[in-house]
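Examination of the molecular architecture
Each chain, letter by letter, is given below.
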Amino acid sequence: LLLLAMANAQNAAVPPGLNWSHFPHFSWRARVTGISDGQPGDLLPFLFAEHSYSLGENERYEESEEFARRALELEPTCALATHQMAHLFEMTGRSGAGTEFLAETEDNWNLGGQATHIYWHWGLLHLESGDHTEALRLYELTLQTAKRDDASGARSSEAPSSSAASHSPSHS
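Here we summarise the structure given alongside this text. (Residues numbered from 1 in each chain as written. Predicted model: local features only at pLDDT ≥ 70, side-chain atom pairs only at ≥ 80, totals over all residues. Heavy atoms only, no water.)

Some details on the packing of aromatic side chains
A complete count under the given rule lists 5 aromatic pairs for this structure. Ring plane angle 45° and centroid distance 5.6 Å describe the contact between F89 and F101, whose orientation is recorded as tilted. In this pair, F89 sits in helix α5 (residues 79–91) while F101 sits in helix α6 (residues 95–109), placing the two residues 12 residues apart along the sequence. F101 shares its class with F89; the two are buried. Arranged with centres 5.9 Å apart and planes meeting at 25°, the rings of Y119 and W122 form a pair that is stacked. Of this pair, Y119 and W122 are both found in helix α7 (residues 115–128), 3 residues apart, which corresponds to roughly one turn of the helix. This pair shows no difference in class: Y119 is buried, exactly as W122 is. It is R70 that lies over the ring of F67; its NZ or CZ is 5.1 Å from the centre. (Phe/Tyr/Trp six-rings, centres within 6.5 Å; stacked < 30°, edge-to-face > 60°. Helix = DSSP H or I, 4+ residues; strand = E, 2+ residues; numbered from the N terminus. Buried < 20%, exposed > 50% of the residue type's maximum accessible area, 1.4 Å probe, protein only. Lys NZ or Arg CZ within 6 Å of the ring centre and 35° of its normal.)

Shown next as structure tokens:
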């Protein structure tokens, strides 16, 4: 929607059925419209993450990963980019690399609104690697806790932390 608004602000014709994949040059558009100077905390990481998603959905995995990583370079806490990286690891059959990536970056995304969902992806990656014990541990640590909190109406004041240090080195 933001990109559609940007196109409208530039008086560009917006054809019916327009979607994210019609905007392959987010950085150029962002700079032209003055919404980003590439500094942490601005919209450019979000735009890169969204573009990464559209590329991944179109099976352009290498380009998708490039944009997700660029988003994370600008803003390491960009949960959208981390989420897309999890998708990419799953879609390209790199579960070991995915479990390592999520372990290494957990402190950057575990407090955000997508944390439970990213933990879910992390569990899927462990299942794909055959590590059912770690998948179950993540479920019990994060997803089951979130389910209990939702059922009781309570909100944990602290996000569950599995911390990379608690992962055994055999998870690769």
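The rest of the description comes next.
Focus: the pattern of salt bridges
Inspection of every chain in the model, using the stated rule, returns 5 salt bridges. Notably, a salt bridge pairs E65 with R69, separated by 2.9 Å at the nearest N-O pair. In this pair, E65 and R69 are both assigned in helix α4 (residues 61–74), 4 residues apart and thus about one turn of the helix distant. On the accessibility criterion, E65 (16% relative accessible area) is buried. In this structure, E65 engages R94 in a salt bridge whose closest nitrogen and oxygen atoms are separated by 2.6 Å. Residue E65 is located in helix α4, and its partner R94 is located in the loop between α5 and α6; the two are separated by 29 residues in the primary sequence. Judged by relative accessible area, which is 29%, R94 ranks as partly exposed. What emerges from the salt-bridge pattern is a single network uniting E65, R69 and R94. (Salt bridge = Lys/Arg side-chain N within 4 Å of Asp/Glu carboxyl O.)

A short note on the nonpolar core
Grouped together as the largest cluster of nonpolar side chains are 25 residues, with contacts concentrated most on M85, L102, W109 and W122. Elements with a contribution of two residues or more to this core: α3 (44–57), α4, α5, α6 and α7. No other element matches the 6 residues that α5 contributes to this core. Among residues more than four places away in sequence, those in contact with L102 are T82, A86, W109, I118, W122 and L125. (Core = buried A, V, L, I, M, F, W, Y, C linked by side-chain atoms within 4.5 Å. Contact = heavy atoms within 4.5 Å.)

Comments concerning α7
Here α7 contains 14 residues, and its C-alpha end-to-end distance of 20 Å stays within 8% of the 20 Å for a straight helix at 1.5 Å per residue. Turning to α7, its buried residues number three or more, namely A115, I118, Y119, H121, W122, G123, L125 and H126. Note on α7: the residue one or two positions beyond its end, G130, has a positive phi of about 90°. (Expected span 1.5 Å × (residues − 1).)

Quick notes on the packing of α3 against α4
The relative placement of two packed helices comes down to the angle between their axes together with the axis-to-axis distance. Packing of α3 against α4 brings their axes to within 8 Å, and their N-to-C directions diverge by 165°. Relative to α4, the element α3 lies roughly antiparallel. Our pair here, α3 against α4, has a crossing hand that is left-handed. Residues L44, P45, F48, A49, H51, S52, L55 and G56 of α3 form the contact with α4, whose participating residues are Y61, E63, S64, F67, A68, R70, A71 and L74. (Axes fitted to C-alpha atoms, helices over the stretch in contact; angles between N-to-C directions. Parallel < 35°, antiparallel > 145°, perpendicular 65-115°, else oblique. Left-handed = near helix turned anticlockwise from the far one by under 90°.)

Concerning α3
The end-to-end C-alpha distance of α3 is 20 Å, a good match for the 20 Å that 14 residues give at a rise of 1.5 Å each. Among the 14 residues that make up α3, 11 are buried, leaving the element largely enclosed by the rest of the structure. Residues of α3 that are buried include every one of L44, P45, L47, F48, A49, E50, H51, S52, S54, L55 and G56, and no others.

Spatial relationships are all this shows, so hold off on functional conclusions.
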